[in-house]
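Observations on chain architecture
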2 protein chains.
Amino acid sequence: MSADDSIQTTDLHRTIALARERKRARLTEIGPWKYLQFVGKVRTIPEGTVIFDEHMIWGYPKIGRILQLDTGIRTQFQQPFWIEEKIDGYNVRIFRHQDAILALTRRGYICPFTTDRLDDLIDRRLFAEHPELVLCAEVAGPGNPYCEAHPPFVPEDVQLFAFDIMRLDQPGFLPYRDKIQLLDAYRLPGVPRFGRYQASDLEKIRGLLLKLDREGREGIVFKEDSPEDRRVKYVTGSTNISDIWANEGSVQQLPPEYFMHRILRLTLFMEEHGLEPTADIHRELGRSLIETITKAVEQYRRHHKVFHTFRCRFRQRANAELMMQAMHHLLGENQVRQHSLTQEGDYYRLEFEKILPRTTGLLNHLLSGGIAYD
Amino acid sequence: MSADDSIQTTDLHRTIALARERKRARLTEIGPWKYLQFVGKVRTIPEGTVIFDEHMIWGYPKIGRILQLDTGIRTQFQQPFWIEEKIDGYNVRIFRHQDAILALTRRGYICPFTTDRLDDLIDRRLFAEHPELVLCAEVAGPGNPYCEAHPPFVPEDVQLFAFDIMRLDQPGFLPYRDKIQLLDAYRLPGVPRFGRYQASDLEKIRGLLLKLDREGREGIVFKEDSPEDRRVKYVTGSTNISDIWANEGSVQQLPPEYFMHRILRLTLFMEEHGLEPTADIHRELGRSLIETITKAVEQYRRHHKVFHTFRCRFRQRANAELMMQAMHHLLGENQVRQHSLTQEGDYYRLEFEKILPRTTGLLNHLLSGGIAYD
């Protein structure tokens, strides 16, 4: 979206009033911060948008996915496009609010973890000199508090990979070249960038994807080199099996589409790129599905619940406590349980579990001999 | 349900009126037959119930499923129970209407195929001498017009396996011993019966199931030896993989639960019965899921549609024509296409395809480069 599309102030106020009325915008309080959070889309304002005092940080827009590379890029792009790596982590928007630099999750919650660790992740100078900017990035690694999966090239803790820059109060992103200039100027870590292509470069792009697939990396995002800034994503075959592994025990927690769509994507990837499905891939897919359930059953038999365990490091003890508090508030008091919070060098190490209530409930019912109807 | 529960006539009339008002009962016309069909449950009247002139044939009740044998039989049964084999086919209720003997599908459609083939499947004498009875059975085999799967012991055409007897105008079934007596007296083919057990016979029942599993058979139905006639079913691990194979191309057609539930059942079966998941099972599961999609993609690329092909034999040409007519009416003119109808000895051989419109639509969108949002 360009500045031309920006909504007139009165329109904006009307939309906000409508959102509050429909309960799609509400006041959220996390630690010392109190702000308006859009928990659903209203008119042109996406979910995850927040308003802090006089400033609005627009939600990060959804990016559609193609499942067929060849026809996909020919259909979706009339002009050349940039290709960047898609990183398997969680999406944040980082911005300055008064004297603080804060990180928002995709849904518009302040993330006490990311906010706490900013000095490990980026150079804050960007916001000292450009308080009007919003840095959009993926935070990824085994030490994150949200997702089970992480890229193979982040072996410990977390790293940040910036992929977009927005402005306060504006939807849409800075042009690609301006973004790179700023990332370079402030030595901000960006997602790997693979260059500028067009649809006729199919074979080069295919080669890139097959390399990423072999390396167990998630995929790519296409960004059109045009004012429309059209975007789509495309993932590798191997990432689908990793996703199934990563969601161990979630068989009932996630919608069943989660798994079936990944099997479909894996199959279409192999089909399009001429990768014969080998016995190894069959076995690996079957094993990922079965062991995911077996582990949940084992966990249920031992603990009478199914849960995932997370371990992450904080600079300040208070932020770890705030993280737990925010999760209790968000997921429910009984759904998150702190295992430990201990000092470790300059950091505080938090270990906690998130319970999967639907999986736990289903296994409780079935393993105790309950009846299911199809 | 016993006769004590049978609804008073005035109550019944009120329920029928309510069902018609809510569009859960409607007039259905198939060939020369016109009757009231319950297309949904209303009060105690189940879906699939039909009313022919003055007689009502109650719908066949749903049978719940246990996924854990041990706790399941202990929880569900206080008294001994009979065990019968569960056959992988389609459910019919056969009854006499004036001078005709008709077969209804589970949902309450007259099945021109089963009706046509009755002389090959059963001895009609039952209905000459007991016009008040309704025979409930599974029809199974590769020559059936509805399902892709079939039991390994029906290598061609179809066979009938009776498992219950009802009475016109009454819900519930004849007592187990009365049923056997009638099936024996009229030499009606029944489902394999494995005898009478109680929950403490767990190891014997487990042995039976492991044998059925190795033989690629679907599973068992438990029927309590009591006036309550409680019932549950339990399937073997191997049937879950057969089900995935059988639904080749249906990846988008069937709800995603279809597949995920089968993977869950397979895993719980192996876990409970101490079958170590081998590389073979992993490979077979992965292969069934991937090839199911690959075949749909191949079919789409060749024919621009995804479909299943059925071949079945009729005694009368008019019944084959009526079958096609009924399917066109039920599924839509474009969703079923006759390939051929040719005489073959004393029979007419019908070949037709059923299109999977959702799978076709999805592949059309994705393979032409369309975007999907998660």
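Everything in this summary refers to the structure shown in the same document.

About the criteria used
- Residues numbered from 1 in each chain as written.
- Chains lettered and ligands numbered in written order.
- Predicted model: local features only at pLDDT ≥ 70, side-chain atom pairs only at ≥ 80, totals over all residues.
- Heavy atoms only, no water.
- Least-squares fit on C-alpha atoms with pLDDT ≥ 70 in both.
- Core = buried A, V, L, I, M, F, W, Y, C linked by side-chain atoms within 4.5 Å.
- Buried < 20%, exposed > 50% of the residue type's maximum accessible area, 1.4 Å probe, protein only.
- Helix = DSSP H or I, 4+ residues; strand = E, 2+ residues; numbered from the N terminus.
- Contact = heavy atoms within 4.5 Å.
- Buried area = accessible area lost by both parts, 1.4 Å probe.
- Salt bridge = Lys/Arg side-chain N within 4 Å of Asp/Glu carboxyl O.
- Polar contact = N/O pair within 3.5 Å; in protein donor to acceptor, adjacent residues only side chain to side chain.
- Pairing = 2+ DSSP bridges.
- Axes fitted to C-alpha atoms, helices over the stretch in contact; angles between N-to-C directions.

**Here we look at the relation of the copies chain A and chain B**
- For these two chains of identical sequence, chain A goes onto chain B by a turn of 180 degrees and a shift of 0.0 Å along the axis, with RMSD 0.0 Å. Such a combination of rotation and displacement between the chain copies is what one expects of a two-fold axis.

**A word on the nonpolar core**
- Ile263, Leu285 and Leu289 of chain A together with Ile263, Leu285 and Leu289 of chain B are the most contacted members of the largest nonpolar core, which has 47 residues in total.
- Of all the elements in the fold, those that place two or more residues in this core are helix H8 (238–246), helix H9 (256–272), helix H10 (279–303) and helix H12 (357–367) of chain A together with helix H8 (238–246), helix H9 (256–272), helix H10 (279–303) and helix H12 (357–367) of chain B.
- Setting aside anything within four residues of it in sequence, one finds Leu289 of chain B in contact with Met260, Ile263, Leu285 and Leu289 of chain A together with Ile244, Phe259 and Ile263 of chain B.

**Examining the interface of chain A and chain B**
- Tallying the contact residues gives 51 residues for chain A and 51 residues for chain B.
- Taking both sides of the interface into account, the surface hidden between chain A and chain B amounts to around 4300 Å²; carbon and sulfur atoms contribute 69%.
- Of all residues in chain A, Met260, His282 and Ile290 of chain A give up the largest surface area on contact with chain B, accounting jointly for 15% of the area buried on that side.
- If you look at where chain A meets chain B, you find two salt bridges.
- Its salt-bridge partner being Glu271 of chain B, residue Arg301 of chain A comes within 2.8 Å of it at the nearest N-O pair.
- At the boundary of chain A and chain B, one finds 12 residue pairs in polar contact (both at pLDDT 80 or more).
- Sorting the residues of the side of chain A that touches chain B by element identifies strand E5 (64–66), helix H2 (69–76), strand E13 (231–235), H9, H10, H12 and strand E17 (371–372) of chain A as the ones contributing at least two each.
- The leading source of residues in the side of chain A that touches chain B is H10 of chain A, at 14 residues.

**What about the sheet that holds strand E15 (residues 336–344) of chain A?**
Residue and element names in this part refer to chain A.
- If you trace the three strands from one edge of the open sheet to the other, you get E14-E16-E15, paired in antiparallel fashion. If you trace the sheet from one side to the other, it starts and ends with strand E14 (307–314) and E15, each paired once. In this sheet, adjacent strand axes meet at a mean angle of 15 degrees when their direction is disregarded.
- Inspection of the sheet shows E14 paired to strand E16 (residues 347–355) by eight bridges, in the antiparallel sense. Residue pairing for E16: Thr309 is matched across the bridge by Glu353.
- Against the sheet, helix H11 (residues 317–331) contacts E14, E15 and E16, and its axis sits at roughly 175 degrees relative to E15.

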